[in-house]
Each structure stands twice: as C-alpha cells, then as structure tokens.
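Analysis of the macromolecular model
So the chains spell out like this:
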Amino acid sequence: MAQSDSTDAMIQGGIPKAEHPVSEAWRMFQRNTAAMFGLVLLGFLVLITLIGPLVYSVDPFEIVWAPLTPPGQEATAPLGTDYLGRDILAGLIHGGVATLAVGLAAAFITVTIGLTVGALAGFYLGLVDDILMRVTEFFQVLPALMFAMVLVTLFSSSLTVVAIAIGLVSWPPTARLARAEFLRIRNLEYVSAARSVGAKNPRIIWRVILPNALPPLIVSATLTIGTAILFEAGLSFLGLSDPNTYSWGYMIGSGRDNILDAWWAVTLPGGMIFITVLAVSLIGDGLNDAFNPKLRER
Amino acid sequence: MQILTMLLRRLLYAAILVLAVLVLNFLLIHLAPGDPAEVIAGEMGGATEEVMASIRKAYGLDRPLHEQLGVYLGKTLQGDFGQSFFYNASVTSLILGRIGPTLLLVTTALLFAIGLGTLLGVIASRNPRGIVSNLVTVLSIVGYSAPIFWTGIMLIILLAWIFPVFPISNMRDVTLEGGTFRQILDVAHHLVLPAFTLGIVFLAQYSRLTRASMLEVLGSDYIRTARAKGVPERSVFGKHALRNAILPVVTIAGLQFGSIISGAVLVETVFNWPGLGTLAFQSILARDYPTVLGILFFSALIVIIMNVVTDILYRVVDPRIRTAD
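Residues numbered from 1 in each chain as written. Chains lettered and ligands numbered in written order. Predicted model: local features only at pLDDT ≥ 70, side-chain atom pairs only at ≥ 80, totals over all residues. Heavy atoms only, no water.

Let me state the cut-off plainly: UniProt positions are given in the numbering used here, feature names are shortened, and annotations may be inferred rather than shown by experiment.
Going by the annotation in an unreviewed UniProt entry, the name recorded for chain B is ABC transporter permease, with Denitrobaculum tricleocarpae given as the source organism. UniProt, in its Sequence similarities (unreviewed entry) section for chain B, records the words "Belongs to the binding-protein-dependent transport system permease family." UniProt annotates chain B under Subcellular location (unreviewed entry) with the comment "Cell membrane".

Focus: the overall build of chain A
Just so we agree on the cut-off: The helix count covers DSSP runs of H or I at least four residues long, the strand count covers runs of E at least two residues long, and both are numbered beginning at the N terminus. The atom set for the radius of gyration is the C-alpha atoms, and the globule formula is 2.2 Å times the number of residues raised to the power 0.38. Each residue is assigned to one of three classes by its accessible area relative to the maximum for its type, calculated with a 1.4 Å probe on protein chains only: buried under 20%, partly exposed between the two thresholds, exposed over 50%. Any pair of residues with heavy atoms lying within 4.5 Å of one another is described as a contacting pair. Areas reported as accessible are Shrake-Rupley estimates using a 1.4 Å probe. Residue values count occlusion only from the protein chains shown.
A count of helical and extended segments in chain A gives 13 helices and 0 strands. The N-to-C order of helical and strand elements in chain A reads α-α-α-α-α-α-α-α-α-α-α-α-α. A compact globule built from 298 residues should have a C-alpha radius of gyration of about 19 Å, whereas chain A, at 24 Å, is more than 25% larger. Across the 298 residues in chain A, those meeting the buried criterion constitute 49%. In chain A, the proportion of contacts linking residues at least 24 apart, taken out of those at least 6 apart, comes to 70%. Of the accessible surface of chain A, which amounts to about 13,900 Å², a share of 66% is contributed by carbon and sulfur atoms.

Examining the interface of chain B and chain A
Here is the rule: Two parts lose some accessible area (1.4 Å probe) when they are put together, and adding that loss for both gives the buried area. Basic side-chain nitrogens of Lys or Arg form a salt bridge, by our definition, when they fall within 4 Å of a carboxyl oxygen of Asp or Glu. Within 3.5 Å is the distance limit for a polar contact, defined as a pair of N or O atoms, with the added protein rule that one can donate a hydrogen and the other accept it, and that residues adjacent in sequence qualify only through two side-chain atoms. The classification used treats Ala, Val, Leu, Ile, Met, Phe, Trp, Tyr, Cys and Pro as nonpolar, Asp, Glu, Lys and Arg as charged, and all other residues, Gly among them, as polar.
With 49 residues of chain B at the contact, the number on the chain A side is 44 residues. Buried surface at the junction of chain B and chain A, summed over both partners, amounts to about 4,200 Å²; 81% is from carbon and sulfur atoms. Together, Y144(B), F149(B) and W150(B) form the three largest contributors to the area buried by chain B at its contact with chain A, with a combined 15%. Where chain B meets chain A, there are 1 salt bridge. Across the contact surface, chain B and chain A share 9 residue pairs in polar contact (both at pLDDT 80 or more). Residue assignment for the side of chain B that touches chain A shows that the elements contributing at least two residues are α1 (2-31), α6 (131-145), α7 (148-162), α11 (257-271), α12 (276-285) and α13 (289-317) of chain B. It is α13(B) that provides the largest number of residues to the side of chain B that touches chain A, a total of 10 residues. Counted by class, the side of chain B that touches chain A contains 40 nonpolar, 6 polar and 3 charged residues.

A closer look at helix α6 (residues 126-141) of chain A
What counts is decided by this rule: Each helix should span, by expectation, one fewer than its residue count multiplied by 1.5 Å.
For α6(A), which comprises 16 residues, the first-to-last C-alpha distance of 23 Å matches the rise-based estimate of 22 Å (1.5 Å per residue) to within 8%. Looking at the buried residues of α6(A), the elements they touch are α5 (96-124), α7 (144-154), α8 (159-170) and α9 (172-185) of chain A together with α1 and α13 of chain B.

Focus on the UniProt feature "transmembrane region" (unreviewed entry) in chain B
Residues and elements named next belong to chain B. Those residues carrying the UniProt feature "transmembrane region" (unreviewed entry) are residues 12-32, 103-123, 135-163, 183-204, 245-271 and 291-314 in this numbering. Here residues 12-32 is 95% helix and 0% strand, with 30 Å between the C-alpha atoms at its ends. In residues 135-163, helix accounts for 90% and strand for 0%; the two terminal C-alpha atoms are 25 Å from one another.

A look at the pattern of salt bridges
The full count for this structure, using the stated rule, is 9 salt bridges over all chains. Its salt-bridge partner being E137(A), residue R134(A) comes within 3.2 Å of it at the nearest N-O pair. In this pair, R134(A) and E137(A) both sit in helix α6, 3 residues apart, roughly one turn of the helix. As a salt-bridge pair, K75(B) and D80(B) come within 3.5 Å of each other at their nearest N and O atoms. Exposure remark for K75(B): the relative accessible area of 22% places this residue in the partly exposed category. Through salt bridges with shared partners, one network takes in R134(A), E137(A) and R176(A).

Next up, the structure:
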C-alpha cells in the first residue's frame with residue numbers, strides 16, 4: 001500500500017521524461033559551434049543558389065565584357081570575366097544549382113545501393129554475405145574516378161549519367177558500414193524479441209534494425225554528399241561534365257587552360273565548392289559527435 | 001608453411017579479381033552504345049572499313065558472346081589490349097611507359113602522408129587540447145573539403161608563379177644538361193608540388209586517425225603497465241603505443257590505394273605530370289577507348305597488387321595476425 005502511494009507520488013511529481021533521441025542529438029548539435037557554423041554556411045549557400053538567380057539575372061553563358069577582365073575593374077562584371085568574356089559572378093550564382101543537385105542525387109544513389117547491399121549482407125550472412133561482399137571488394141578495386149571517367153565517356157556526359165556514375169563507383173564504403181551495423185544489431189535482444197512475436201525478415205530489417213542503425217549511416221550519408229560534390233567537380237575539371245549546364249565544375253573545367261592569365265576564373269568557383277563541402281563536412285562532424293554519447297566528454 | 005598457404009590463397013583471390021576486371025571491360029565494350037568494333041577501334045582513330053573488318057575478325061565479333069569473351073580474355077591475358085589509333089602505338093606499351101611516373105608520384109605522396117601524418121597524430125595525442133591537436137582537426141576538415149585540383153592550382157599560383165620556387169608543370173626540364181645526379185634532383189624538384197598536393201588529402205586523414213587510435217591505445221592497460229614499470233615516456237610513445245596505433249593507418253592506406261590513384265589522375269592533369277592520369281585524360285578527350293579501358297585495367301591491377309602487399313605488411317607489423325593464421 002505504502003509502496004503504491006509513493007509510486008503515485010512519483011508520478012504526480014513527474015518522473016523525468018526520457019528525452020527523444022532526435023531532440024537530444026539536436027541539443028548536442030547546437031552546442032557544437034563548428035557544426036552550427038557549417039549549418040549556417042550551408043543555409044547561406046543554398047539561399048544564394050536558390051534566390052540569387054532571381055536577384056542577379058545575368059545569363060552565365062552570355063558574353064558581357066572583354067575576355068579575361070580581372071575582378072574589381074569593371075562594374076558590369078564585378079568578379080571579372082572568363083576567357084570568353086562571361087561574367088564570373090553570374091556563374092558563381094547560377095552554377096550552384098547543378099552542382100548541388102548532382103551532389104545530392106549522386107549521394108542518394110550511393111546511399112541507396114550501399115544501404116541495400118550492406119543490410120542484406122549483414123542480415124542474411126552466409127552465401128548472400130559472401131557474394132555481396134565479393135562484389136563490394138571488386139568495386140573497391142576499381143579506382144573510383146577512373147571508373148566514373150570511363151562510364152561517362154562511354155555513355156554520355158549528361159548530368160543524369162554523371163550522377164549515376166558517381167553513385168555507382170562510390171557505394172562500397174557505405175555498404176561496409178551498413179553491413180557492420182546490421183551485423184552488430186541483428187543479435188541484440190530486441191531483434192530476437194521482434195522475431196519471437198512473429199515479425200518477418202523484411203520487417204525486422206527495415207523497421208527494427210534500420211532505425212537503430214541510422215545514426216552512423218546519417219553521418220556517412222552527409223559526408224557522402226560532400227564527396228559526391230567533390231567528385232562532380234573533379235569530373236568537370238577533366239572536362240567530362242555536361243557542357244550544356246552551367247555548374248561550378250564547368251567553370252573550373254573551362255578556365256583550366258587559362259589558370260595563369262585568369263586565376264579568378266578557376267579559383268573562385270573552386271572556392272565555392274570548397275566552402276560548400278566544408279559546410280557539409282562540419283555538419284557531418286557535428287552529427288557524429290551528437291549521435292555518439294561516448295565522444296561527448298572529449 | 002601457414003604463411004605460404006595464406007599467400008597462395010591471397011594470390012588466387014587476386015587473380016580472380018583481375019579476371020573480373022577484364023570481364024567488366026568486356027561488358028563495357030558491349031554495353032556502350034554503338035558497334036563494339038568502333039569502341040575497340042576508338043571513335044576518332046583511323047577506323048577505316050578495313051581496320052574495322054580486321055578488328056571484327058580478330059575479336060571474333062561475329063561469333064556468340066561467350067566465345068567473344070574467351071577471345072577477349074585470351075588476348076588481354078597475353079597483354080594485348082589493342083592498338084591506340086590516336087597515339088599509333090599498342091595500348092600496353094603506351095601504358096607501361098606511363099606507369100613509372102604515376103607510381104613515383106603516388107608512393108612519394110603516400111610516404112609523405114603516412115610519415116608526417118603519424119608524426120602529427122602522435123604529437124597531437126600527447127596533448128589533446130594543444131596547438132598541434134587543433135591543427136590536426138583543422139587540417140583534416142580542410143584537407144577533406146578542398147577539391148584536390150583546386151589545391152594544386154592554388155599551390156601553382158602561389159609557389160610557381162608569384163614566388164617561382166618550383167616548376168609549374170612536367171616531370172623534368174628537357175633543356176637541362178648534366179649527369180644522372182642532376183637529372184634525379186631535377187625530377188625531385190618537379191615532384192615536390194604534385195606529391196604535396198596529392199599527399200595533403202591523405203595526410204589530413206592519417207593524422208586524425210593516428211591521433212584517435214593513439215588516444216585509445218594510450219588509455220589501455222599495457223601502457224599503464226609500461227609506465228608503472230618506469231619505461232621512459234619516449235619509449236612508451238614510440239615503441240609501445242605507436243606500434244599498435246599505426247595499424248589502422250596501414251589498413252586504411254591499403255584500402256585507399258584506389259582513391260589515391262583517382263587523386264593522382266587530377267593532380268597529374270593539373271601539373272601535366274606524364275603518368276597514367278594525363279594519359280587517361282588525353283585519351284578520353286580523343287575518345288581513344290582501347291587506351292581508356294586499358295588504363296582502367298592497369299590501375300585496378302595496381303590496386304590489387306597493393307592490397308596484397310598491404311596484407312603482407314600488416315602481418316609484419318602485427319604479430320597477433322601472424323599467429324592467428
């Protein structure tokens with residue numbers, strides 16, 4: 001009797017409610033100055049990319065002034081012009097959409113393939129695991145950029161093919177990570193519990209294990225976006241990206257031959273890519289710390 | 001004996017991977033839009049009707065697909081990757097001529113990254129809140145985020161153009177006269193910027209990895225034991241801790257050989273370094289497919305070989321794995 005009274009009292013007084021993991025992670029994330037800086041930086045870049053073209057509507061393909069005009073010399077092209085006389089500022093503002101879109105699409109493909117392969121291998125083990133892991137190792141042997149170059153050359157250099165090629169060559173690390181997580185979780189008690197109440201394999205994979213495997217996968221997916229953007233930039237630098245779409249990578253590729261005559265034509269878009277990936281990786285780092293309670297004290 | 005069986009197993013597996021890459025090449029030739037003979041000849045080469053007919057005959061393109069695969073494997077396993085019409089040379093000889101510079105660049109960059117990376121990581125682990133530790137953090141984020149070709153271009157502008165300390169491009173100064181020693185010095189001089197550019201990405205990762213794994217190892221029981229025994233701190237770090245902390249670096253470096261070669265493609269293109277990367281770049285611009293596919297194969301081959309080497313190296317560094325075999 002007395003016991004139930006005290007329990008009642010505790011309920012009245014309010015047992016401290018367990019914080020939802022997402023809100024806890026967000027709280028940790030907010031405390032991380034570098035990560036918040038990354039988030040603000042990325043927000044700023046997305047804003048420029050989405051709203052900028054409405055404000056500064058100069059066509060990046062249009063020739064506006066004399067070729068190779070340095071920055072700060074001419075009000076028509078405040079950041080200078082490239083070797084054809086196209087406005088660099090217009091390029092920086094308009095070129096972000098394609099770069100970000102390809103990065104996001106490629107990262108999505110990477111995570112989809114990697115997660116599927118890793119989940120199946122780590123869950124079913126045995127022959128499935130053997131076959132899938134041999135395939136993964138095979139893909140890891142091919143130098144990713146070289147393979148992507150071949151794919152884009154043989155098929156086409158449209159942005160869709162570029163995104164697919166990047167996804168096709170980048171998934172193995174994600175697969176390995178997903179496999180390790182599934183391997184770790186599949187033998188935990190709550191998975192056995194789910195199975196004992198009759199949950200079928202697909203349900204266990206997607207509804208029971210996946211949500212618990214998410215934190216490291218989210219971190220890796222974030223970093224994958226950064227890697228994919230760098231990848232697209234690399235392909236563009238080699239002149240392999242879509243010549244009909246204006247992107248930061250395209251600017252770098254077309255300015256490559258005039259590095260010493262017009263440093264701004266290459267370094268400015270390169271700087272935009274650098275800042276974007278920097279923002280993404282700061283966010284990824286912050287998420288990693290936020291999801292990882294063990295690291296919090298450090 | 002056990003080591004020998006292990007080695008044989010590894011080599012067999014490597015051989016299977018090599019075959020798989022060849023099959024992939026074969027599939028790519030056939031999946032690509034257009035006539036396989038055209039792909040083999042290269043779009044821009046002097047692919048006349050005669051040449052095409054001889055290619056069809058040589059590769060058995062009129063026969064069933066599995067027989068074609070047999071012909072292709074037979075040819076390639078003998079080192080015949082076809083003829084580059086763009087360069088007017090056999091693909092294999094073209095590639096063999098370019099492998100040396102790439103390996104020189106890649107190994108220099110890798111040694112630089114591992115050497116300086118572990119050193120920075122160890123120093124950072126002595127004082128996790130110190131300057132070096134912060135430097136490692138900043139370096140690892142910047143090194144990850146900067147496009148490698150962009151870093152290269154920035155270095156060219158800074159150290160080859162504004163302050164002309166290093167040459168802008170190529171591997172050697174063709175006008176230079178003098179003995180072997182001066183030639184070697186000249187190549188080394190040309191090597192500094194490209195190797196630094198390529199190495200810095202991996203330096204960033206290795207220094208961070210070393211710091212993390214040093215901090216973990218330093219907290220372990222045997223380090224406490226060593227300290228309790230009165231082992232000098234220098235030896236605790238250098239001998240007891242580093243030997244264990246360097247294992248993840250060796251693993252990662254081995255696994256990353258593919259991405260180092262990918263990086264080399266971009267660095268070589270920036271610095272006009274006469275390796276596989278510039279060859280790949282030029283042959284792609286020329287749509288010289290046989291060369292492109294040959295490079296894909298040979299670069300994968302380098303990765304496969306390096307994986308086997310890492311595996312062996314790993315056993316040398318870590319006696320526990322040796323006894324586990």
